[in-house]
Amino acid sequence: MSKSVPQRRDFLFIKSEYKLVRINLPEILFLSGMRDYTQVYLKGRAAPLTTLQNLKEFEGKLPNDQFIRVHRSYIVALSQVDYISRNEIHIASYNIPIGNAFRGGLNDAVEKHS
């Protein structure tokens, strides 16, 4: 019996506006949660994709070495961070707040990539 090795996925399919849309993980800037919905902000797209899936479910599908929860409503792609100031993360033209409960995890991730 051969043991299956988990494949490293570089894309996900999400349901948005009655379509299954393939999103490449390297193109994700960040995700924003709004109750039962998640908005996925992508490079080169003016408007985010909205999917009926909460942020917690989404967090489980993302590789935790590339994405980190920084606020109860936000998950950011570490590779897309331009800079981090005291209470915000700056990605492209967006400012994402850092929640106090998530600051320790963010500091650990930054330390790993420094």
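Everything quoted here is computed from the prediction, not taken from an experiment.

Thresholds applied
Residues numbered from 1 in each chain as written. Predicted model: local features only at pLDDT ≥ 70, side-chain atom pairs only at ≥ 80, totals over all residues. Heavy atoms only, no water. Helix = DSSP H or I, 4+ residues; strand = E, 2+ residues; numbered from the N terminus. Rg over C-alpha atoms; globule rule 2.2 N^0.38 Å. Buried < 20%, exposed > 50% of the residue type's maximum accessible area, 1.4 Å probe, protein only. Contact = heavy atoms within 4.5 Å. Areas by Shrake-Rupley, 256 points an atom, 1.4 Å probe, with all protein chains shown as cover. pLDDT = per-residue confidence, 0-100. Core = buried A, V, L, I, M, F, W, Y, C linked by side-chain atoms within 4.5 Å. Pairing = 2+ DSSP bridges.

**Digging into the overall build of the protein**
Here comes step 1: Scanning the protein for helices and strands turns up two helices and 10 strands.
Here comes step 2: Counting from the amino terminus, the protein carries its helices and strands in the arrangement β-β-β-β-β-α-β-β-β-β-β-α.
Here comes step 3: Here the protein has a C-alpha radius of gyration of 15 Å; the compact-globule value for 114 residues is 13 Å, and the two agree.
Here comes step 4: Once the C-alpha set of the protein is aligned to its principal axes, its extents read approximately 45 × 40 × 25 Å.
Here comes step 5: For the protein, with 114 residues in total, the buried portion stands at 39%.
Here comes step 6: Intrachain contacts of the protein at a sequence separation of at least 6 include 36% that bridge at least 24 residues.
Here comes step 7: When the accessible surface of the protein is split by element, carbon and sulfur atoms take 49% of a total near 7,900 Å².

**A word on the confidence of the model for the protein**
Here comes step 1: In this model, the protein carries an average pLDDT of 91, and 93% of its residues clear a pLDDT of 70 or more.
Here comes step 2: Confidence drops under pLDDT 50 across residues 1–5; counting only partners more than four residues distant or on other chains, this segment forms zero contacts.

**Here's the deal with the side chain of Gln 80**
Here comes step 1: Looking at the secondary structure, you find Gln 80 in the loop between strand 7 (74–77) and strand 8 (83–84).
Here comes step 2: Once you skip the residues sitting within four places of it in the chain, Gln 80 turns out to touch Pro 26, Ile 28, Leu 29, Lys 43 and Ile 91.

**Some details on the nonpolar core**
Here comes step 1: With 16 residues, the main nonpolar core has Ile 23, Ile 28, Leu 31, Val 40, Leu 62 and Phe 67 as its most contacted residues.
Here comes step 2: Only strand 1 (11–16), strand 2 (19–24), strand 3 (28–34), strand 4 (37–42), helix 1 (55–61) and strand 7 provide two or more residues apiece to this core.
Here comes step 3: If you look at the next biggest cluster of nonpolar residues, it comprises 14 residues, including Leu 29, Phe 30, Ile 89 and Ile 96.

**Notes on unusual backbone geometry**
Here comes step 1: Phi at Glu 17 is positive, roughly 50°, even though this residue is not glycine.
Here comes step 2: With respect to the secondary-structure elements, Glu 17 resides in the loop between strand 1 and strand 2.
Here comes step 3: You will see that Ala 92, though not glycine, has its phi angle at about 50°, which is positive.
Here comes step 4: One can find Ala 92 in the loop between strand 9 (88–91) and strand 10 (94–97).

**Examining the sheet that holds strand 10**
Here comes step 1: What the three strands build is an open sheet, ordered 8-9-10; its pairing is antiparallel. Of all strands in the sheet, those bounded by a partner on one side alone are strand 8 and strand 10.
Here comes step 2: In terms of strand pairing, strand 8 meets strand 9 through two bridges, oriented antiparallel. Within strand 9, the position partnered with Tyr 83 by the bridge is His 90.

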